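# A closer look at the structure
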Amino acid sequence: MKQVMTLAAAAAILLSVPATASAARNGFQTVALNNTEFEVIPRARRDVDGYWCAAADFARRTLGAGWQDRIYVVRGYGPSEATGRRTSVRFSIAPPAGGQPQQGSFLTSGFNPGESMSVQGANGRCNVRPFFN
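So, a few notes on the structure that sits alongside this text. Counting restarts for each chain: residues are numbered from 1 in the order of the written sequence. With pLDDT at 70 or above as the cut-off, local features in this predicted model cover only qualifying residues; side-chain atom pairs require 80 or more to be listed or tallied, and sums for whole chains, interfaces and linings still use all residues. Note that the side-chain values use all heavy atoms of the structure and ignore hydrogens as well as water.

### Details of the overall build of the chain
Our working rule: Where helices and strands are cited, they refer to DSSP runs of H or I of at least four residues and of E of at least two residues respectively, numbered from the N terminus.
For the chain, the helix and strand inventory stands at 3 helices and 7 strands. The order of helices and strands in the chain, counted from the N terminus, is α-β-β-β-α-β-β-β-β-α.

Next up, the structure:
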């Protein structure tokens, strides 16, 4: 009986996580919203570099983006559509409709819609140590 309860609890946990969700190596959760857009949701770390790192990881591993492909900010900080958590950032591997995307810089303090970075550049932020945790 104890095994049945354990298996039921494990199944409930697995079914509560969307099938297109993954965890980046830095602990951020990523959830696909469609074929090109996804959300990055922090768990403990909330630094800007962590979001870009997780976006690069998801774009590369799950969406098959190349190193020179770009990741675009669709929406800055806001509530997660996929999980309901208070903070997430929405990214896309497709350029925004209507308008010239902005090139990202190495120093960023937030996320502006249209801002972009190459997958390789975003991946380079995975080894940056945050000032706070």
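Having put the structure on the table, let's press on.
### With respect to the pattern of salt bridges
The cut-off we apply is this: When a carboxyl oxygen of Asp or Glu is within 4 Å of a side-chain nitrogen of Lys or Arg, the pair counts as a salt bridge. In this scheme, a residue with accessible area under 20% of its type's maximum is buried, one over 50% is exposed, and one in between is partly exposed, where area comes from a 1.4 Å probe on protein chains only.
For the coordinates displayed, the defined rule picks out 4 salt bridges. Residue Arg 61 is joined to Asp 57 by a salt bridge in which the shortest nitrogen-to-oxygen separation is 2.6 Å. Here Arg 61 pairs with Asp 57, and both are found in helix 2 (residues 48-61), just 4 residues apart, close to one helical turn. Note that Arg 90 and Glu 81 form a salt bridge whose closest N and O atoms lie 2.7 Å from each other. On the basis of relative accessibility, which here comes to 15%, the residue Arg 90 falls in the buried class. Owing to a relative accessible area of 53%, Glu 81 belongs among the exposed residues under this scheme. Taken together, the shared-partner salt bridges in this structure form one network comprising Glu 37, Glu 81 and Arg 90.

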